[in-house]
Each structure stands twice: as C-alpha cells, then as structure tokens.
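Structural overview
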Amino acid sequence: MTLTKADLVQQVYKNHENLTKAQATDAVEAFLRLSKNSLIEGSDLLLSGFGKFNVKDKNARRGRNPQTGDELTLDARRVVTFKPSGILRDRINAS
Amino acid sequence: MNKSELIEALAQEINIPHREAAAITNTIINTMTEALANGESIEIRGFGSFVIKKYDSYEGRNPKTGKKIKVKPKKLPFFKVGKDLREQVNANKK
C-alpha cells in the first residue's frame, strides 16, 4: 500500500470538519508547495517529530558510466537528503 | 525553515487562523508517520517518496572500542526526492 496526496487530502478533510473538500485540497497543496519552496531556496526543512530535509551541495567528481565503463565528469550539483527523527524511527520499529 | 515557520507561512498562504494551520500541519505529519509505522510507503508526486527498508540482525562493531556487538533487526525510512523538486533544487544552485 502506498500513501498518496489524495490520501492526505482525505485525512485532512475527515479530521477538520469545517473544511470543504476543495479547502482540504488547497491546504495540502499549499503545505507541499511551501515545503518545496524552502528547499528550492536552499533552506533546510525541519519538521520536528518527523525528520529533517537537508539541502547539500555536491562537488563535481569523476565517475564512470556503469554500462560502458567510460570515464566522465559528473557536474557539481545540489541535492536533497532526509534524516528521520528519533521519534519517527522509534514509531517505525515499535511494531 | 522549521515547523512553526511552516505553520505561519501556511496560515498566511491560504488565509486561515494560525491554530487551524497548526492542526492541519499535524494531521499531515501524523498521517505520514502512521503510514510509515504501518510499513506503507508514501508517494507524493513532484515532492518525493518514502520507503521502509528492513535490515536483518548483523554483527557490527562499536567504532570507538572495536568490540563486536550484535545489531538488532531494524527498519529505516528512506526518502527519494521527486523529479520536479530535484530539478528545481539543482537549478537554483548558482
């Protein structure tokens, strides 16, 4: 089973009786948009109790095409990493 | 950005009271936590996905003392950034 955006909307709609389905959708979309924008601007996102999304700069490095073995240069890039919080790790291992 | 800043931004973005933005944020985070705790994966298009990886018990070493220890089986969540977010984050690198 996989949780999707539609499931998040459904849960927000169910748990907040004053919201219409459209408002619940807007809220989830806005939550994701703001989270993304923080990372796009290069700022880490810390959701206490869940985990931390980090933005990291990687240097250029020499690599290989694993299929052909040819050497190539991988450009410097910026990536997002996630570190789960202790609370989340404990919850996942509790069962 | 931390959680309270995100809540504040959400309240302003869709024009709802701070208290309500906090409740919605908690619902979203709790729903994701529950799913992962149940061993489910998460897939948010454009943002990324989470999967649970299971590890069997293995013989490890305490890196400080070098002593052998038995590491218990465990599950860990892994995040894979979505294509859209990956590209936008990288595009902003000057």
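Here the structure is a predicted model, which is why all the values come from computation and not from measurement.

Right, let's talk about the packing of helix H1 (residues 5-15) of chain A against helix H2 (residues 18-37) of chain B for a bit. Where H1 of chain A meets H2 of chain B, the axes come as close as 10 Å, and the angle between the chain directions of the two elements is 130°. As far as their axial angle goes, H2 of chain B and H1 of chain A are oblique. The way H1 of chain A lies across H2 of chain B gives a crossing that is right-handed. For the pair H1 of chain A and H2 of chain B, the contacting residues are Leu8, Gln11, Val12 and Asn15 of chain A in the first and Ile24, Thr27, Ile28, Thr31 and Met32 of chain B in the second.

Below, the discussion takes up the pattern of salt bridges. In the structure shown here, the tally under the stated rule is nine salt bridges over all chains. We note a salt bridge from Arg33 of chain A to Glu13 of chain B, for which the minimum N-O separation is 2.6 Å. Of this pair, Arg33 of chain A sits in helix H2 (residues 21-40) while Glu13 of chain B sits in helix H1 (residues 3-13), on two different chains. Using a relative accessible area of 38% as the deciding quantity, one classes Glu13 of chain B as partly exposed.

Buried together is how nonpolar side chains tend to be arranged in soluble globular proteins. By size, the foremost hydrophobic cluster in this structure holds 45 residues, and its most contacted members are Leu39, Phe50 and Phe53 of chain A. The biggest single contributor to this core is H2 of chain A, with nine residues. Once you skip the residues sitting within four places of it in the chain, Phe53 of chain A turns out to touch Leu39, Asp44, Leu45, Leu47, Val80, Thr81 and Phe82 of chain A together with Phe47, Phe50 and Phe79 of chain B.

Tallied over the full model, the rule gives ten aromatic pairs over all chains. Centre to centre, the rings of Phe50 of chain A and Phe50 of chain B are 5.7 Å apart; their planes meet at 80°, and the pair counts as edge-to-face. In this pair, Phe50 of chain A is assigned in the loop between strand S2 (45-47) and strand S3 (51-58) and Phe50 of chain B in strand S2 (residues 48-55), connecting two distinct chains. One exposure class covers both Phe50 of chain A and Phe50 of chain B, and it is buried. With a centroid separation of 4.8 Å and an interplanar angle of 45°, the aromatic rings of Phe53 of chain A and Phe82 of chain A are classed as tilted. Of this pair, Phe53 of chain A sits in strand S3 while Phe82 of chain A sits in strand S6 (residues 77-84), and the two are 29 residues apart along the sequence. On the accessibility criterion, Phe53 of chain A (1% relative accessible area) is buried.

What counts, and at which threshold
- Every chain's residues receive numbers from 1 upward, in the order its sequence appears when written.
- Ligands are numbered from 1 and chains lettered from A, in the order in which they are written.
- For a predicted model such as this one, the threshold for reporting local features is a pLDDT of at least 70, and the threshold for listing and counting side-chain atom pairs is 80 or more; totals across whole chains, interfaces and linings nevertheless cover every residue.
- The side-chain quantities take in all heavy atoms of the structure and omit both hydrogens and water.
- For every element, the axis is a line fit to its C-alpha atoms; helices are fit only across the contacting stretch, and the angle between N-to-C directions ranges from 0 to 180 degrees.
- Strands are runs of DSSP state E lasting at least two residues, helices are runs of H or I lasting at least four, and both sets are numbered from the N terminus onward.
- Put simply, angles under 35 degrees are roughly parallel, angles over 145 are roughly antiparallel, angles from 65 to 115 are roughly perpendicular, and the rest are oblique.
- By definition, turning the near helix anticlockwise from the far helix through less than a right angle yields a left-handed crossing, and turning it clockwise yields a right-handed one.
- Residues count as neighbours in contact if any of their non-hydrogen atoms are within 4.5 Å of one another.
- What counts as a salt bridge is simple: a side-chain nitrogen of Lys or Arg found within 4 Å of a carboxyl oxygen of Asp or Glu.
- Exposure categories follow from relative accessible area, calculated using a 1.4 Å probe and restricted to protein chains: below 20% of the type maximum is buried, above 50% is exposed, and the middle band is partly exposed.
- To define a nonpolar core, start from buried Ala, Val, Leu, Ile, Met, Phe, Trp, Tyr and Cys residues and group those joined through side-chain atoms within 4.5 Å.
- The criterion for an aromatic pair is that two Phe, Tyr or Trp rings (for Trp, the six-membered ring) have centres within 6.5 Å, with stacked assigned to planes under 30 degrees apart, edge-to-face to planes over 60 apart and tilted to the rest.

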